[in-house]
Amino acid sequence: MASTCPNCGKKLKWYNMKAECSECGVSIPNYNWEGRLEEDAQRSEKKFVSFYKTMNMLAYSIWGTKLRRLRIILSFLPAIGYILPWGYLKSDGESIGLDVIGLFTEGKSLINVFADFFANKGLYFTNMAYEGNSGILTFSMLSILFMVLSLVFIVIAFFLILFTFKHPKTKSMVVFDALSIASAIASAVVFSIGLGNTSSQTAVNFGTFSLYNISGGISWGIFVAIALLVVAFVANLLVAKAPAKSDEELEEERLAKKAEKEEKERQADIKKEKEREEAEKKAAEEQKRAVEEAKAKLEAKKNKKKKD
């Protein structure tokens, strides 16, 4: 029940259960029902306009132009770079590759290193402290950390394409692309610094993995990964600098496409109706011709009988 009468404004008590106002007698549930229906219709229309506005901008931001469609593909390609080898450490004991699943390098892969690290974190930190936090283990783990950060930043950049669709000219993806590139370069630099200690540090324990007489180097995969990251960066930068359509323009295009579709459907209905009418007319003509032929045959038989 309403707290006040919509007609006279009288305050209603909780015990006023009747549908009619005790002051003016108007039916409160049915008061100005036409106006309320109109208001509901207007609210529904506004919601539909807002919905179409959101969907228009979502579709446009992701694949609305050739450049934006290309951007989605080029923003996904850097994922390939993280399954390629970024570096390797070989030794007379175990060998370790900065290769996520170990397809391209011998020995332990990054999956093995991650599993061992989370199972023996204390041992890793003890060994890093033993080498004064400046040895092969320390720099290799820092290199892996920068590699992970690079992956995190590029994943964020990719999903920002979806989450920031209301701002088609945003440069947030460009920022995270740049952070991803910087992290990948830092990973290579830090790993190279660690390799400089191989001559003075002949043995090191990566948790439970022991390395002796160590040698290593940067692998080709990191250059491919950085190249793919740069391509994604350029694609996002070009999209950010390219002109973008407004909500009004997108809605006009949607309405134009809708009108074109409806016109095609109308023309198709007209064509079907015309074909139906022609088919009925043809059927009627065939029926008429069949009747006339039957009458002619019957008349011929009658004439023949008369002659006989």
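Structural data are supplied above this passage.
Residues numbered from 1 in each chain as written. Predicted model: local features only at pLDDT ≥ 70, side-chain atom pairs only at ≥ 80, totals over all residues. Heavy atoms only, no water.

*Asks:* Would you mind showing me how to read the overall build of the protein here?
*Replies:* Tallying secondary structure elements over the protein gives nine helices and five strands in all. If you list the helices and strands of the protein from N to C, you get α-α-α-β-β-α-α-α-α-β-β-β-α-α. Radius of gyration (C-alpha) of the protein: 39 Å, far over the 19 Å computed for a compact globule of 308 residues. By its C-alpha atoms, the protein is 125 × 95 × 40 Å across when sized along the principal axes. Out of the 308 residues belonging to the protein, those deemed buried represent 31%. Across the protein, the fraction of contacts at a sequence separation of at least 24, relative to all contacts at a separation of at least 6, is 64%. Element-wise, carbon and sulfur atoms account for 61% of the exposed surface of the protein, whose accessible area totals about 19,700 Å². The centroid of the 43 positive side-chain charges in the protein is displaced by 5 Å from the centroid of its 36 negative side-chain charges. (Helix = DSSP H or I, 4+ residues; strand = E, 2+ residues; numbered from the N terminus. Rg over C-alpha atoms; globule rule 2.2 N^0.38 Å. Buried < 20%, exposed > 50% of the residue type's maximum accessible area, 1.4 Å probe, protein only. Contact = heavy atoms within 4.5 Å. Areas by Shrake-Rupley, 256 points an atom, 1.4 Å probe, with all protein chains shown as cover. Lys, Arg positive; Asp, Glu negative; His and termini not counted. Charge placed at Lys NZ, Arg CZ, Asp CG, Glu CD.)

*Asks:* Which parts of the structure should I look at to understand the nonpolar core?
*Replies:* A general tendency of soluble globular proteins is for nonpolar side chains to be buried together. In this structure, Trp86, Leu89, Tyr124, Leu137, Met141, Phe206 and Leu211 are the most contacted members of the largest nonpolar core, which totals 31 residues. With seven residues, helix 6 (residues 136-163) is the single largest residue contributor to this core. Leu137 has contacts with Tyr124, Asn127, Met128, Glu131, Val204, Asn205 and Phe206, leaving out every residue within four places of it along the chain. (Core = buried A, V, L, I, M, F, W, Y, C linked by side-chain atoms within 4.5 Å.)

*Asks:* I tried to follow helix 5 (residues 121-130) on my own but got confused; where do I start?
*Replies:* In an α-helix, one turn spans 3.6 residues; hence positions three or four apart end up facing the same way. Among the residues of helix 5, Tyr124, Asn127 and Met128 are the ones counted as buried. The arc enclosing the buried residues of helix 5, seen along the axis, measures out at 100°, which places them on a common side. Every exposed residue of helix 5 that faces more than 90 degrees away from the buried side is listed here: Thr126 and Tyr130. For helix 5, the elements touching its buried residues are helix 4 (110-119), helix 6, strand 3 (203-206) and strand 4 (209-212). With its phi angle positive at about 70°, Gly132 sits one or two positions after the end of helix 5. (Arc of directions from axis to C-beta.)

*Asks:* So what exactly am I meant to see when it comes to the pattern of salt bridges here?
*Replies:* Oppositely charged side chains are able to pair whenever their charged atoms sit close together. For the structure shown, the criterion picks out seven salt bridges. For the salt bridge of Lys264 with Glu260, the shortest nitrogen-to-oxygen distance reads 3.7 Å. Residue Lys264 and its partner Glu260 are both found in helix 9 (residues 247-307); the two are separated by four residues, about one turn of the helix. Take Lys264: its relative accessible area is 55%, and that puts it in the exposed class. Here the residues in one salt-bridge network are Glu273, Arg276 and Glu280, joined through shared partners. (Salt bridge = Lys/Arg side-chain N within 4 Å of Asp/Glu carboxyl O.)

*Asks:* What is the right way to look at the side chain of Ser95 in this model?
*Replies:* Positionally, Ser95 belongs in the loop between strand 1 (87-90) and strand 2 (96-97). By relative accessible area, Ser95 is classed as buried at 15%. Sequence-distant contacts of Ser95, defined by excluding residues within four places in its chain, comprise Leu89, Lys90, Glu106, Gly107 and Lys108.

*Asks:* Which parts of the structure should I look at to understand the packing of helix 4 against helix 6?
*Replies:* Pairs of packed helices are described in terms of their axes, by the angle between the two and the distance that separates them. Two elements in contact, helix 4 and helix 6, have axes whose closest approach is 13 Å; the angle formed by their N-to-C orientations is 110°. Relative to helix 6, helix 4 is oriented roughly perpendicular. Here Leu110, Val113, Phe114 and Phe117 of helix 4 come into contact with helix 6, specifically with Met141, Ile144, Met147 and Val148. Grouping the amino acids of the contact of helix 4 with helix 6 by side-chain chemistry returns eight nonpolar, no polar and no charged. (Axes fitted to C-alpha atoms, helices over the stretch in contact; angles between N-to-C directions. Parallel < 35°, antiparallel > 145°, perpendicular 65-115°, else oblique. Nonpolar A, V, L, I, M, F, W, Y, C, P; charged D, E, K, R; others polar.)

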